Amino acid sequence: MDLSIIIPLYNEADSLPELRAWIDKVLKDFTYEIIFVDDGSTDDSWSVIQQMDDVRAIRFRRNYGKSAALYEGFAAAEGDIVVTMDADLQDSPEEIPEMVRMIREEGYDLVSGWKQHRKDNPLTKNLPSKLYNWTARKVTGIKLHDMNCGLKAYRKEVVKNIEVYGEMHRYIPYLAKNAGFTKIGEKPVHHQKRKYGVSKFGMNRFVNGLLDLMSLWFLSRFGGKPMHFFGSSGILMFLIGFVMTVWIIAAKLYHQANGLKFRAVTDQPLFYLALVAVILGVMLFLAGFLGEMISRSSTERNNYQIKERLGP
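For the structure given in this document, a descriptive report is provided here. (Residues numbered from 1 in each chain as written. Predicted model: local features only at pLDDT ≥ 70, side-chain atom pairs only at ≥ 80, totals over all residues. Heavy atoms only, no water.)

1. Topic: helix α4 (residues 96-106)
Reasoning step 1: Turning to α4, its buried residues are I96, M99, V100, M102 and I103. For α4, the buried positions fall inside an angular range of 155° around the axis, keeping them on one side.
Reasoning step 2: Residues of α4 that are buried sit in contact with β1 (3-9), β4 (81-84), β5 (110-115), β6 (152-155) and β7 (184-189).
Reasoning step 3: G107, located one to two residues past α4, shows a positive phi value of around 80°. (Buried < 20%, exposed > 50% of the residue type's maximum accessible area, 1.4 Å probe, protein only. Helix = DSSP H or I, 4+ residues; strand = E, 2+ residues; numbered from the N terminus. Arc of directions from axis to C-beta. Contact = heavy atoms within 4.5 Å.)

2. Thoughts on the packing of aromatic side chains
The geometry of an aromatic ring pair comes down to the distance between the two centres and the angle between the two planes.
Reasoning step 1: If you walk through the whole model with that rule in mind, you get 11 aromatic pairs.
Reasoning step 2: Plain terms: the ring middles of F218 and F230 are 5.9 Å apart, the flat faces sit at 65° to each other, and that makes the pair edge-to-face. Of this pair, F218 sits in helix α8 (residues 204-222) while F230 sits in helix α9 (residues 226-257), and the two are 12 residues apart along the sequence.
Reasoning step 3: You can call F218 partly exposed: its relative accessible area is 22%.
Reasoning step 4: According to the relative accessible area criterion, F230 is partly exposed, its value standing at 22%.
Reasoning step 5: Through a chain of ring-to-ring contacts, the aromatic side chains of W217, F218, F222, F229 and F230 assemble into a single cluster.
Reasoning step 6: Across the ring face of Y108, the terminal group of K183 is positioned such that the distance to the ring centre comes to 5.3 Å. (Phe/Tyr/Trp six-rings, centres within 6.5 Å; stacked < 30°, edge-to-face > 60°. Lys NZ or Arg CZ within 6 Å of the ring centre and 35° of its normal.)

The structure is reproduced here in C-alpha cells:
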C-alpha cells in the first residue's frame, strides 16, 4: 500500500464527507487507506464516518487530545508513507502528491507543510505562531517555518519509531530528529479558511507548547544522564555558596585582627544567601543522584534506534 492518511478529528461532522471526496479525487493514482481517529467527538462525527465505505476508524471514549489520536493512528498505519492532516478542510489534499514525491525521490524522512499565508486571525494566531516557530527553530536546530503544521508526510519507519504523547504532536519533527531521522524537509502549502465549526485550540496552546519544548529539549540532552545537569548545577551552586561563606568569614577575621570595625557574620544578609546556595547545591546534586538511580532502573535505558545490521 502506498499511503496511510491519518485524520484526527474532534466535532468535525460537517467537513468529513467533503474531505473524504476531496482525498478520493486527488489520490486516484495511489493505493491508500484513510484512518479517521475520533477524539471523543460529541457531535455526529462518528455516525458520518460509519456511513463511509472503505475507511478505517478509531473512536475514543472521551477527548484525549491530538497527540493521543496520532499515536493510535501511527500504530494502525500500514502504508509505506504516512500522511497526517486536519479534518477541518484547512489542509489541502492537493499537496499530498508532491510531498510523497519529495520522500520517494529526494530521500526525505519527513516533509512538513509550511502555511506561508495563513487564513487565521493575525492577532490571536498568526503573530503568536511566528514567535512560537522562531523559538522552536532556535531550540531544536530544525529550520522549519511551521513546526506545528498538521499536514505532514513521513516514511513509515519514522512513525513506527517515535512516541507521541501529552501534547508533543507540536514537535514531531524534533521527536523524529532525536530518533535519528534527520533528513527533514518543508513544502509551502495552501492554507484555507475554516469552512465549518470553530477552532478547538485556544491561546493556552502557546504556553503549553513552550513548556513542552523545554521538556523535550531537556530529555533529549539529559534524559539518559540527569547527573550531568543536576550534578554540575549543584556543584556550581555549592561552590558559589562556599566561596561566599569563606569570603565573609575571612573578611570578618581580617577586620577583627586589625582592630577595624566589623559586623558579626550572622548579621550579614549575604551569609544567609550563601547558606541557601550551599543547601540548594546539595539538593541539586542529590536530585541528579536520584535521577541516575531511576534512569539505571529504566527498561528503556538501552533502547537504541538501529538503522541496519550487517552480518549474521
